[in-house]
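Notes for the structure review
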Amino acid sequence: MGAALQNLDYFAFVILFCIGLHTLVARPNLLKKLLGLNIMETAVFAFIVTSGMVDGGAAPIVDGTVTGPFASPLPQALILTGIVVAVSISALALALIIEIYRQCGTIEADELKGVG
Amino acid sequence: MSAWLPLAACVPLVAGALVPAVGRRRPQLAQGCALAASGWTVLATARLTRRLFMEGPFSYAMGGWAAPWGIELRFDAWSAASLFIALIMLAVLVYSGPYARAAIEPRRLPWYYSLLLLNLGGMVGFACAGDLFNLFVFMELVSVSSYALVAVGGGRIAALAAFKYLLAGAVSSVLVLFSVGVLHALTGSLNMADVALRLAAVESRGPVVLALAGLSAGFMLKAALFPVHLWLPDAHAAAPCPVSAVLSGLVVKVGIIGLLRTNAVFAGVDGLPMAAFGQVLAWLGALAIVAGALFALFQQDIKLMLAYSTVSNIGYIVLGLGLANHAALTGAGIHVLNHAIIKATLFLAVGAIIHQTGSRTLRELRGVGRMMPWSALAVSIGALSVAGLPPTAGFLGKWYIALGAFAAGQPGFAAVLLLGALLIFAYYIRILNAFYFRAPVDDNMRSVHEAPLPMLLPVLFLAALCILGGLFGRWPVALVAPAVERLAGGG
């Protein structure tokens, strides 16, 4: 139980990831598929950010008054880039969904089968 | 000058960002800018490759920060693929002039060139990235521009195919990012050489296996390895032909190069089930060879045929990676380069035919060989080459992979390889039969002319490379040999 509590963030990550994957695969609505993808991305972002956490760690600003341990700032910097990528993917996907709706009149995957 | 390496990736990226701005005022300049930027990239990568031949692999520390902390760009044998990438992209850009004018709305043209340049910059950067996170960022540059390129021609199938491609691609990116996160959490480093060193000291094997599995699954999805190839045929067939050439020839190879690069990270770690992993790869590759070729055999649409043929050829490369001995890896490395040239030739030549005739099924294209002799000749050379007939480029890679199968004591895989080659040959015979030996179905075919010169020249240039790549096979073998040495030695 102790180990489970200590790694609570990892469990949350796995659950969130699975919710996202399920939404992406099982929902026929293209918008919901995109939302599922975003949930998956958020799960991975959260996982990487928490991996930089150090128990009782201070913000890594070295000004002489605070002495370690410091939290790792690198994962946050990485995820900032990751978020930018995710946003551009979402924007492109939304544009494509609008285009699909204009051309086909629906964004339900099961109704789109005959079109493709 | 040592700045050639970062500039090789940066110039097309910056140019890609500027082209829409230029194109807003002067749309006719957009193609010129794109040509200049990609021409520059060819020059830069050619210089880098020459240096690689003379001095061996070298690195560039971005901003002067040394390797484990700073961002490292590394130019080694796999990075030399960027020369081929740049050459093919240049050919595609020349070809795009007349093709894109007809197939793409005028106001979208500058964006089309911009996306192609971003794609080029992303691929060159991907090939040269020395750390895991840059690998991810450049992969995303390539992917996002590819999704958009599929839809750039417009039409309902294209938008839908692009969306499907986007979902598959984004899932694979999430897997890769997750594995990068795991590796960073385990080792505290992102530089690939550094991670490889530190992984050996990591005690728990579970997370390492998880990272290996995540990276492999992610890159396999990007490379459209059977059975996760479902996004590929629609995306590659719905895109405009020059884009199909880029996607099929180059972008799927991003997955393969990623697989090669990240496998090297795990090579030094003891206690990983690498042998079993190799067997899984080999079997998946063998399945992909046969399945891709069978699907291709039953297509009527010529572009769908070529797309399934890509699935099959990715199978060859992955089979080579899975067998993991010296000959097989050499074959896989060579086939990465040669398949890029062959598939680009085929898609561009078929694109010229589709552009001139307006039809794309085998039935409607009967008899086109007499009307468009040069384009049909290029298709024939590409077809013989992809089937792997001896004097052409496709033969070399498959020969080495077959040798590798015998060396690994699994001649069954060599039999699969031969079966695949026969099936591929069968469906290309179908194409050639329709082109040359069948009477046209409608009379419009008799008034078809050969494609304009800017389309024909790149096609013939690439077709010539298909043959030269086979005749001068020593050069690519010499190129990949040192990289193979390291992979086969460690794993």
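These lines cover the structure that appears in this document, whether it is placed above or below. Since this is a predicted model, take the numbers as computed values, not measurements. (Residues numbered from 1 in each chain as written. Chains lettered and ligands numbered in written order. Predicted model: local features only at pLDDT ≥ 70, side-chain atom pairs only at ≥ 80, totals over all residues. Heavy atoms only, no water.)

The secondary structure content of chain B amounts to 19 helices and two strands. Whereas a compact globule of 491 residues would reach a radius of gyration of roughly 23 Å, chain B reaches 21 Å, a difference of no more than 12%. Counting only C-alpha atoms, chain B reaches 70 × 55 × 40 Å along its principal axes. Buried positions account for 63% of the 491 residues belonging to chain B. For chain B, the proportion of contacts with a sequence separation of at least 24, taken over those separated by at least 6, is 81%. Counting every atom, chain B has about 17200 Å² of accessible surface; 68% of that belongs to carbon and sulfur. (Helix = DSSP H or I, 4+ residues; strand = E, 2+ residues; numbered from the N terminus. Rg over C-alpha atoms; globule rule 2.2 N^0.38 Å. Buried < 20%, exposed > 50% of the residue type's maximum accessible area, 1.4 Å probe, protein only. Contact = heavy atoms within 4.5 Å. Areas by Shrake-Rupley, 256 points an atom, 1.4 Å probe, with all protein chains shown as cover.)

Let us look at the overall build of chain A. Counting its secondary structure elements, chain A contains five helices and zero strands. Of the regular secondary structure in chain A, the N- to C-terminal order runs α-α-α-α-α. The C-alpha atoms of chain A give 20 Å as radius of gyration, which overshoots the globular expectation for 116 residues (13 Å, by more than 25%). As displayed, chain A offers around 6800 Å² of accessible surface, 69% of which is attributable to carbon and sulfur atoms. The average position of the 5 basic charges and that of the 8 acidic charges among the side chains of chain A differ by 14 Å. (Lys, Arg positive; Asp, Glu negative; His and termini not counted. Charge placed at Lys NZ, Arg CZ, Asp CG, Glu CD.)

Before going further, it helps to examine the nonpolar core. Grouped together as the largest cluster of nonpolar side chains are 222 residues, with contacts concentrated most on Tyr112(B) and Phe266(B). Not counting residues up to four positions away in its chain, the partners in contact with Phe266(B) are Leu183(B), Leu199(B), Val208(B), Ala211(B), Leu212(B), Leu215(B), Leu272(B) and Met274(B). (Core = buried A, V, L, I, M, F, W, Y, C linked by side-chain atoms within 4.5 Å.)

Residues and elements named next belong to chain B. Interaxial distance between helix H5 (residues 132-151) and helix H10 (residues 241-266) falls to 11 Å at its minimum, and their mutual angle equals 160°. Overall, the two elements H5 and H10 adopt an arrangement that is roughly antiparallel. By crossing handedness, the relation of H5 to H10 is classed as left-handed. Judged by residue contacts, Leu132, Leu135, Met139, Val142, Ser146, Leu149 and Val150 of H5 engage Val243, Leu247, Val251, Val254, Arg261 and Thr262 from H10. (Axes fitted to C-alpha atoms, helices over the stretch in contact; angles between N-to-C directions. Parallel < 35°, antiparallel > 145°, perpendicular 65-115°, else oblique. Left-handed = near helix turned anticlockwise from the far one by under 90°.)

All names here are of chain B. One pass over the full model with this rule turns up six salt bridges over all chains. Residue Arg51 is joined to Glu55 by a salt bridge in which the shortest nitrogen-to-oxygen separation is 3.1 Å. Of this pair, Arg51 and Glu55 both sit in helix H2 (residues 30-55), four residues apart, which is roughly one turn of the helix. Note on Arg51: relative accessible area 29%, which makes it partly exposed. Accessibility expressed as a relative area gives 56% for Glu55, which makes it exposed. (Salt bridge = Lys/Arg side-chain N within 4 Å of Asp/Glu carboxyl O.)

The next point concerns the interface of chain A and chain B. A common measure of how large an interface is: the accessible area buried when the components associate. Contacts between the two partners involve 32 residues from chain A, matched on the other side by 26 residues from chain B. In this assembly, chain A packs against chain B so that about 2700 Å² is buried in total across both faces, 87% of it on carbon and sulfur atoms. The tally of links from chain A across to chain B stands at zero salt bridges. Summed over the shared surface of chain A and chain B, the result is zero residue pairs in polar contact (both at pLDDT 80 or more). Those elements giving two or more residues to the side of chain A that touches chain B turn out to be helix H2 (8-26), helix H3 (30-51) and helix H4 (74-104) of chain A. Within the side of chain A that touches chain B, the residues separate by chemical class into 23 nonpolar, six polar and three charged. (Buried area = accessible area lost by both parts, 1.4 Å probe. Polar contact = N/O pair within 3.5 Å; in protein donor to acceptor, adjacent residues only side chain to side chain. Nonpolar A, V, L, I, M, F, W, Y, C, P; charged D, E, K, R; others polar.)

What follows concerns the packing of aromatic side chains. Inspection of every chain in the model, using the stated rule, returns 18 aromatic pairs over all chains. Seen in terms of ring centroids, Phe126(B) and Phe219(B) are 6.5 Å apart; in terms of plane orientation they differ by 75°. Their pairing is edge-to-face. In this pair, Phe126(B) sits in helix H4 (residues 109-128) while Phe219(B) sits in helix H8 (residues 206-223), placing the two residues 93 residues apart along the sequence. Note on Phe219(B): relative accessible area 1%, which makes it buried. Plain terms: the ring middles of Trp283(B) and Phe413(B) are 5.3 Å apart, the flat faces sit at 70° to each other, and that makes the pair edge-to-face. With a gap of 130 residues between them, Trp283(B) in helix H11 (residues 274-297) and Phe413(B) in helix H17 (residues 411-437) connect regions that are remote in the sequence. Connected via pairs of aromatic rings, a cluster forms that spans Tyr10(A), Phe13(A), Phe17(A), Phe47(A) and Phe178(B). The cationic tip of Arg51(B) hangs over the ring face of Phe58(B); the distance from NZ or CZ to the ring centre is 3.9 Å. (Phe/Tyr/Trp six-rings, centres within 6.5 Å; stacked < 30°, edge-to-face > 60°. Lys NZ or Arg CZ within 6 Å of the ring centre and 35° of its normal.)

All right, on to H2(B) then. All names here are of chain B. The terminal C-alpha atoms of H2, which comprises 26 residues, lie 37 Å apart, in line with the 38 Å expected from a rise of 1.5 Å per residue. Among the residues of H2, those classed as buried are Ala30, Gln31, Ala34, Ala37, Ser38, Thr41, Val42, Ala44, Thr45, Leu48, Thr49 and Leu52. Downstream of H2 by a residue or two, Gly56 has a phi angle that is positive, lying close to 90°. (Expected span 1.5 Å × (residues − 1).)

Moving on, we come to H4(A). Here H4(A) is 31 residues long and its end C-alpha atoms lie 45 Å apart, about the 45 Å a rise of 1.5 Å per residue gives. Count one or two residues on from H4(A) and you reach Gly105(A), which has phi positive near 80°.

Let us look at the side chain of Asn263(B). Positionally, Asn263(B) belongs in helix H10. Asn263(B) gets classed as buried once you look at its relative accessible area, which sits at 14%.

With that out of the way, let us pick up the state of the cysteines. Residue and element names in this part refer to chain B. Tallied over the full model, the rule gives zero disulfides over all chains. Free of any disulfide, Cys466 has its nearest cysteine sulfur in Cys241, 16 Å distant. Residue classification places Cys466 among the buried positions, given a relative accessible area of 0%. (Disulfide = S-S within 2.5 Å.)

Residue and element names in this part refer to chain B. Taken together, Phe53, Met54, Ile467, Leu468, Leu471, Phe472 and Trp475 make up a surface patch of nonpolar side chains, about 750 Å² in accessible area. At the level of secondary structure, the elements contributing two or more residues to the nonpolar patch comprise H2 and helix H18 (453-471). When residues in the nonpolar patch are grouped by element, the largest group, three residues, is from H18. Mapped onto the elements, Trp475 comes out in helix H19 (residues 474-490). The class of Trp475 is exposed, set by a relative accessible area of 53%. (Patch = residues over 30% accessible without salt bridge, like charges linked within 9 Å, V, L, I, M, F, W, Y side chains within 5 Å.)

All we've got here are geometric facts, nothing functional implied.
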